[in-house]
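Descriptive structure summary
These are the residues of each chain, in order.
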Amino acid sequence: GTNGEDGEQGIQGEKGENGTANVISKKFDLSGWNDPSGVVNYSVYWNELTMQAIENDAILFYIKTNHNGRFNPIPGRVIINSISADIELELFTGGCTVISLKRNYNGIGSAYIPVAAGDIDYLRIVIIESSISSKVGANYLTPINKLKAAGVDINNYLQVAEYFGLED
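Residues numbered from 1 in each chain as written. Predicted model: local features only at pLDDT ≥ 70, side-chain atom pairs only at ≥ 80, totals over all residues. Heavy atoms only, no water.

Some remarks on the sheet that holds strand 3 (residues 58-65)
The strand order across the open sheet built from four strands is 1-9-3-4, with neighbouring strands paired in antiparallel fashion. Each edge of the open sheet carries a strand with a single partner, namely strand 1 (23-29) and strand 4 (71-73). With direction set aside, neighbouring strand axes in the sheet form an average angle of 25°. Where strand 3 lies against strand 9 (residues 120-128), eight bridges are found, and the strand directions are antiparallel. The residue bridging Ile63 from the neighbouring strand is Leu123, located in strand 9. (Pairing = 2+ DSSP bridges. Helix = DSSP H or I, 4+ residues; strand = E, 2+ residues; numbered from the N terminus. Axes fitted to C-alpha atoms, helices over the stretch in contact; angles between N-to-C directions.)

Here you go:
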């Protein structure tokens, strides 16, 4: 049969906060990473890490250790078994690899440190989609600059999570 008449327009929904609509986040369990030699890298895979996202969006990475319960931005420094170590990340289409932890000896040399199961809790990845709607005057703000302009420290996952309404 024929369609009936359209109903009345519904009430407009509540407008969301600016800048928070195109953000996704995922937690990857690294608690099983067990590498007594300290030289084995750990890879995670996520289809959202597309070439377009890698080239255009802001992607933030955080490691949560079980020793101090802090979120550490990576690349950066973490504390594992009372040892301060550098951690690096290699990003590729469809995932990333967490590079072995290295202890730096005052710039003189470095050595790998062991990672025992349970030392690292998880890796958190946040993808903030770039958009040209972030225009200020004749310039466009990158997602990182937009966060900084809002007073959010991108090295502090809890501030980023609060700003975007993400879980911790």
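Read on for the rest.
Some words on a nonpolar patch on the surface
A cluster of nonpolar residues, Val39, Val40 and Tyr112, forms a patch on the protein surface that exposes about 260 Å² of accessible area. Relative to the helices and strands, Val40 resides in the loop between strand 1 and strand 2 (42-45). (Patch = residues over 30% accessible without salt bridge, like charges linked within 9 Å, V, L, I, M, F, W, Y side chains within 5 Å. Areas by Shrake-Rupley, 256 points an atom, 1.4 Å probe, with all protein chains shown as cover. Salt bridge = Lys/Arg side-chain N within 4 Å of Asp/Glu carboxyl O.)

Examining the packing of aromatic side chains
Across all of its chains, the model carries seven aromatic pairs by this definition. Between the aromatic rings of Phe71 and Tyr122, the centroid separation amounts to 6.0 Å while the plane-to-plane angle is 65°, which identifies the pairing as edge-to-face. Separated by 51 residues along the polypeptide, Phe71 in strand 4 and Tyr122 in strand 9 bring together distant segments of the chain. Given a relative accessible area of 12%, Phe71 falls into the buried group. Geometry around Tyr122 places Lys27 over its ring, the cationic atom sitting 4.5 Å from the centre. (Phe/Tyr/Trp six-rings, centres within 6.5 Å; stacked < 30°, edge-to-face > 60°. Buried < 20%, exposed > 50% of the residue type's maximum accessible area, 1.4 Å probe, protein only. Lys NZ or Arg CZ within 6 Å of the ring centre and 35° of its normal.)

Overview of the pairing of strand 5 (residues 76-80)
Relative to strand 6 (residues 83-92), strand 5 runs antiparallel, the two sharing five bridges. Looking at the pairing, Arg77 lines up with Asp86 of strand 6. Hairpin connection, strand 5 to strand 6: the antiparallel pair is bridged by two residues, and Asn81 has positive phi, about 50°.

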